[in-house]
Amino acid sequence: MKVDEAYLSSLTSKQAALKQQLEQHRRALQFPSHDHAHRQDSTELTVDIERLQELADSRSKLNLAKTFIQQLSAVAHALETVEKDSSLATLYDAYIQVCDAQDLLLHHVQEPLVVNVIQRVQAAKKQLWSQMEDKVSTGLRKVLVELDWPNDKFDQADHTSFTAVMQDCLMIYVNEAKLPDVLLPFAVLAESISTRFDYHFNSSRPTNRLDKPEWFLKHLLGVIEGKQAIMADEIQEIVDRCLPNHHLDAVHEFVRSILPLAATKLQATSGRVLEDVALLSHVIGEAQNFDDALRSGYGMCERGGSLWRGTTQAILADDVFDAWLGSESAFAQAKLTQLLGDDLAEPSSATVGVWELDQDIEAPDDHPVLANQATTELVALFEAMTDRFSRVVSPAQARKFLKRIQQPMVERFLARVRESAEAFDRLTRGFSGGFPSVDTAGLPGLQRLCRQYASADLLLYKLRDWNVLELYVRSGDDYLGTGALDSLEEDCLDLRQLIWRSLTAHLERELVTIALRGYTKVQTWSSDQAPPSQVASTTAASVQLIRFLELLPQMFGYVVSVLGGVRARALVYATMRACDDLLVDVVVHTHKFSKRGALQLTRDVWEIWAVVAPFVQDPQRTTPRLADVVAVFTAHIKAQVEAEEDPKSATSTTTLQPTHNVPRSKASAIRAQLL
């Protein structure tokens, strides 16, 4: 690059002449003669101003041109120096001069004149960088040959010369703000490894097998493991000394120099097996295992500590990803079909199978509801698919995976559970739609509903956890602020609420409507004589209440065992409130009670409370209306007993004081039923 000195001198002369003319015009405008000032009209003044502006623009352009020529002169001088002395120090000094020239010129990048100048400077910069790379890499290759890299001799040799050339290679990056993907010295270290790799895995040798991608990946892992010590013990110190501001890890930089071998081979392999989806899935799986080994074994990450995308992403072009997605989708649907083989809609002791709740099935520690095999296997399948596709970083591909595999899988499972729940509802509507069958009545019906509830509850619990995973965050709608699994969560929550209503209705039907049907038909409450059936009974409770007292702990006990304390207590309270309303509205308010009848009802209620006590802390709170009745009846009976013992102190039932904790209006209504 040569600069014409005569041309530069000519530009300088023109600049001086323009400067003189500009000064003359400026003085003429500031100090016009008297006659000239009178003769000069507005048009002439405008012309003078425009001429003055033209002269100013010309001077500015000449100044800019002079700056360009000066920078080109500096670049030319640097190149001439290198031609005379091609030592590394001279090359580096010249390179710095050219970089400075480029930085100055880039401030005027909007000027049309600067484009060609910058191109010439950038070409000079590239030329000098190439010369530096050639010089330091040649020295490093020579030393590596002497040390027999990458063989065992290298590990046992004196590395003094190696340290010197490594420093030369790294020092060329001292002033570079952004480093290349692979640093030059590590690229040179990888050259002999690449030669061996090509010999074994890119040739016609038996080790180059399309169906064995794990062979070349394990080979590369072995190379990295074998050289980890030299990288960490010796080269790391050199890297820290030469490039302290970049905080580089020598092992990671060496891995980066090896990764192109894996990525190139995987791309070639995946393209050849595109039609064989099983083999394609195997190739991608082995690539993921390779990435996982680097992350877990060497803490592989991007410079600066951010997440490393891995080699798998390099091969997931749209056509490869779609083929892989189709293969995994078919696998997931086949597994789900196998899982749903047992009929949830018509379970029996022989077919309930995977839907049976089991204490031994592992569920989340903080999830109180028992799990069943069907739901836990679905969860395992969902998580396995999530793990398979967790390395996908493209939001578009992540959404494809969600819509093609995960969403249909969960929707199909929920549809199966909903089908069972709706079938149960149809079978238990009575005359409005059917009649209860064997597996919908009593404890079998409760077990069936609990299986349905456990499936919906565990799946909802897991969906909320999955929705915050990075893969599904990438699949969500950032604009609307919705998660990828929000719609599935809503469907699952709706299904769980449907089953909960069925659970509540089933317990009320079995324990209240059916089990208390005989008790509500008792007509002897006003009699002073106990009925014969009660005289023959061995319990203080009414005979008609025994079935209720036997069934209640059986069903409540099962609910507590499978749904946990909080949910079970909610069902106990709901059922007992229904019992409370039935006994008060149908028994207490529709009959008159003698002393014996009031005493018998009081005993029955206390028996109910005793049976409920193991499931709630205060059983009387489950039936507040019956508690008021018992309080009033007890006060009435006590008053009658006192009257019989001392007639003079007897108090009329019409003048009894309000019972403790029972409002006067309620107490009066209850006393009205007493004889």
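Residues numbered from 1 in each chain as written. Predicted model: local features only at pLDDT ≥ 70, side-chain atom pairs only at ≥ 80, totals over all residues. Heavy atoms only, no water.

Trainee: Describe the packing of aromatic side chains, and please don't skip the residues or the numbers.
Mentor: Throughout the structure, instances matching the rule amount to 18 aromatic pairs. Three or more aromatic residues link up through ring pairs in this structure, and these residues are Phe321, Trp324, Phe382, Phe389, Phe401, Trp466 and Tyr472. The ring centre of Trp149 lies 5.2 Å from the NZ or CZ of Lys227, which sits over that ring. (Phe/Tyr/Trp six-rings, centres within 6.5 Å; stacked < 30°, edge-to-face > 60°. Lys NZ or Arg CZ within 6 Å of the ring centre and 35° of its normal.)

Trainee: Account for helix α7 (residues 160-171), with residues named and values stated.
Mentor: The terminal C-alpha atoms of α7, which comprises 12 residues, lie 17 Å apart, in line with the 16 Å expected from a rise of 1.5 Å per residue. Residues Phe162, Val165, Met166, Cys169 and Leu170 constitute the buried set of α7. Buried residues of α7 fall within an arc of 140° about the axis and therefore sit on the same side. (Helix = DSSP H or I, 4+ residues; strand = E, 2+ residues; numbered from the N terminus. Expected span 1.5 Å × (residues − 1). Buried < 20%, exposed > 50% of the residue type's maximum accessible area, 1.4 Å probe, protein only. Arc of directions from axis to C-beta.)

Trainee: Can you explain unusual backbone geometry? Please cite residues and give values.
Mentor: Peptide bonds are, in most cases, trans, and in most cases residues other than glycine have a negative phi. Residue Pro150 follows Trp149 across a cis peptide bond; omega there is 5°. Its identity is not glycine, yet Asp148 carries a phi of approximately 60°, on the positive side. Residue position: Asp148 is located in the loop between α5 (114-146) and α6 (152-156). Given the relative accessible area of 30%, Asp148 is considered partly exposed.

Trainee: Residues and numbers for the environment of Tyr519, please.
Mentor: Structurally, Tyr519 is set in helix α19 (residues 517-520). With a relative accessible area of 2%, Tyr519 lands in the buried category. Separated by 29 residues in sequence, Tyr519 and Phe548 place their C-alpha atoms 9.2 Å apart. Setting aside its immediate chain neighbours within four residues, Tyr519 contacts Trp525, Ser542, Gln544, Leu545, Leu583, Val587, Leu601 and Asp604. (Contact = heavy atoms within 4.5 Å.)

Trainee: Lay out the packing of helix α16 (residues 442-466) against helix α21 (residues 546-563) with the relevant residues and their values.
Mentor: In the contact formed by α16 and α21, the axes pass within 11 Å of each other and the chain directions differ by 20°. One finds that α16 runs roughly parallel with respect to α21. For the crossing formed where α16 meets α21, the hand is right-handed. Between α16 and α21, the contacting residues are Gly442, Leu443, Leu446, Gln447, Cys450 and Tyr453 on the first element and Gln554, Met555, Tyr558, Val559, Val562 and Leu563 on the second. Here the contact of α16 with α21 is built from residues that sort into 9 nonpolar, 3 polar and no charged. (Axes fitted to C-alpha atoms, helices over the stretch in contact; angles between N-to-C directions. Parallel < 35°, antiparallel > 145°, perpendicular 65-115°, else oblique. Left-handed = near helix turned anticlockwise from the far one by under 90°. Nonpolar A, V, L, I, M, F, W, Y, C, P; charged D, E, K, R; others polar.)

Trainee: Tell me about the confidence of the model for the chain, and please be specific about residues and values.
Mentor: Per-residue confidence for the chain gives a mean pLDDT of 79; residues scoring 70 or more make up 73%. Mean pLDDT values over the elements of the chain span from 46, in helix α2 (residues 34-39), up to 94, in helix α8 (residues 184-201). Counting contacts from residues 33-42, a segment whose pLDDT is below 50, to residues more than four positions away or on other chains yields 3 contacts. The model gives residues 652-660 a pLDDT under 50, and that stretch makes 13 contacts with residues more than four places away or in other chains. (pLDDT = per-residue confidence, 0-100.)

Trainee: So, the pattern of salt bridges: which residues are in play, and what are the values?
Mentor: Summed over the entire model, instances satisfying the criterion amount to 18 salt bridges. Glu214 is paired through a salt bridge with Lys212; the nearest N and O atoms lie 3.9 Å apart. Classification of Glu214 as buried rests on a relative accessible area of 12%. Of the residues examined, Lys212 reaches a relative accessible area of 26% and is grouped as partly exposed. Between Arg418 and Asp494 there is a salt bridge, with its nearest N and O atoms 3.1 Å apart. One end of the pair, Arg418, is in helix α15 (residues 395-427); the other, Asp494, is in helix α18 (residues 486-514), and 76 residues separate them in sequence. (Salt bridge = Lys/Arg side-chain N within 4 Å of Asp/Glu carboxyl O.)

Trainee: Run through α16, naming residues and quoting values.
Mentor: With 25 residues, α16 should reach 36 Å at 1.5 Å per residue; the first-to-last C-alpha distance of 36 Å fits that figure. Across the 25 residues of α16, 19 count as buried, placing the element largely inside the fold.

Trainee: Give me the lowdown on the side chain of Ser270, citing residues and values where you can.
Mentor: With respect to the helices and strands, the residue Ser270 is situated in helix α10 (residues 250-272). A distance of 3.0 Å separates a polar side-chain atom of Ser270 from the backbone oxygen of Gln267. Apart from residues lying up to four places away in sequence, Ser270 is in contact with Leu280, Ile315 and Val320. (Polar contact = N/O pair within 3.5 Å; in protein donor to acceptor, adjacent residues only side chain to side chain.)

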